[in-house]
Amino acid sequence: MSISHAPPDSQEPDISDISQQVNSPGDAVGSDATPDATATGLEPIVPASSRRTRVPRWLRRTTGPVLLLILWQLLSATGVLTPDALASPGRIAQVAGDLIADGSLASAMTTSLQRVAGGLLLGTVIGTGLALVSGLFRVGEDIVDAPVQMLRTVPFVGLIPLFIIWFGIGEAPKIAIITLGVTFPLYLNVYAGIRGVDSQLIEAGESLGLSRWGLVRHVILPGALPGAMTGLRYSLGIAWLALVFAEQVNADSGIGFLMVQARDFLRTDVIVVCLIVYAFLGLLADFIVRTLERLLLQWRPTFTGR
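The paragraphs below set out a description of the structure included in this document.

Reading guide: rules and limits
Residues numbered from 1 in each chain as written. Predicted model: local features only at pLDDT ≥ 70, side-chain atom pairs only at ≥ 80, totals over all residues. Heavy atoms only, no water. Salt bridge = Lys/Arg side-chain N within 4 Å of Asp/Glu carboxyl O. Helix = DSSP H or I, 4+ residues; strand = E, 2+ residues; numbered from the N terminus. Buried < 20%, exposed > 50% of the residue type's maximum accessible area, 1.4 Å probe, protein only. Phe/Tyr/Trp six-rings, centres within 6.5 Å; stacked < 30°, edge-to-face > 60°.

**Description of the pattern of salt bridges**
Point 1. For the structure shown, the criterion picks out seven salt bridges.
Point 2. Of the charged contacts in the structure, one is a salt bridge between R233 and D286, with a shortest N-O distance of 2.9 Å. Separated by 53 residues along the polypeptide, R233 in helix α10 (residues 212-247) and D286 in helix α12 (residues 268-296) bring together distant segments of the chain.
Point 3. By relative accessible area, which is 32% here, R233 ends up partly exposed.
Point 4. One salt bridge in this structure joins R263 and D264, with 3.6 Å as the shortest N-O distance.
Point 5. Classification of D264 by relative accessible area gives exposed; the value is 52%.

Okay, structure coming up:
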């Protein structure tokens, strides 16, 4: 006689059905059949890293600046920020339109871009050349690295009077200041990139019969390229910083010259317009370098954020 403890109206589960449900995933292993998640009542687990928000990224990136502009306009409208201390965004937009209409802003931007381009080109050639000599050869490191490290600690702004004595008050001292500011970040990053190449890659290249020039071309330089691109981004930022100082010393054109004139007449609106132009040009240059970096470094897998 068997005694059942289940309620009279309850329905006992079938043991064969339970065992079939438990063993069904294991039975599918090695077979061509794929278990149906809908039929079993299971939902696939989606990793949190693969979920994407519905808000576009460009909208998220512009939220902060837009909120800052709104706050700025509110403070100016309520009188917390006086026009003598800082002009309102509306006034700055009006002044920018006037400077664009009379052509003074376009002329100043052209002059400043020419100075940055000249200093950046010279600084890139000098910094990269010194880094190659110091990074590829031990003798070059012994000769080059110590003087470069000594000069690197000297503030380039403090050399402005000396450059004026050497080169006069024309364009030469301005380009020299930008060149000096660009050289050292490129030297440090290219040198670190060369010395950071994995030695096992060098040994693999030698085992494949590559010559010294072949190692430099196919192994060392590609391995140092990420560091060089990082150094170029740093150099661009310092180039615009050096331009600000260079154009405020005996300059008769350029964005810095407009800022000096605006300072003499207490025109905060013109000063802010010039600062916005500096920021826009720096952002545009950084965008160009990042685009170039993505094109040249497609072989390098990197983490892009989640």
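**Things to note about the packing of aromatic side chains**
Point 1. Considering all chains together, one arrives at four aromatic pairs under this definition.
Point 2. Considering the side-chain rings of F163 and W166, the 6.0 Å spacing of their centres and the 45 degrees angle between planes classify their relative orientation as tilted. Here W166 and F163 lie together in helix α7 (residues 160-167), a separation of three residues that amounts to about one turn.
Point 3. Residue classification places F163 among the buried positions, given a relative accessible area of 8%.

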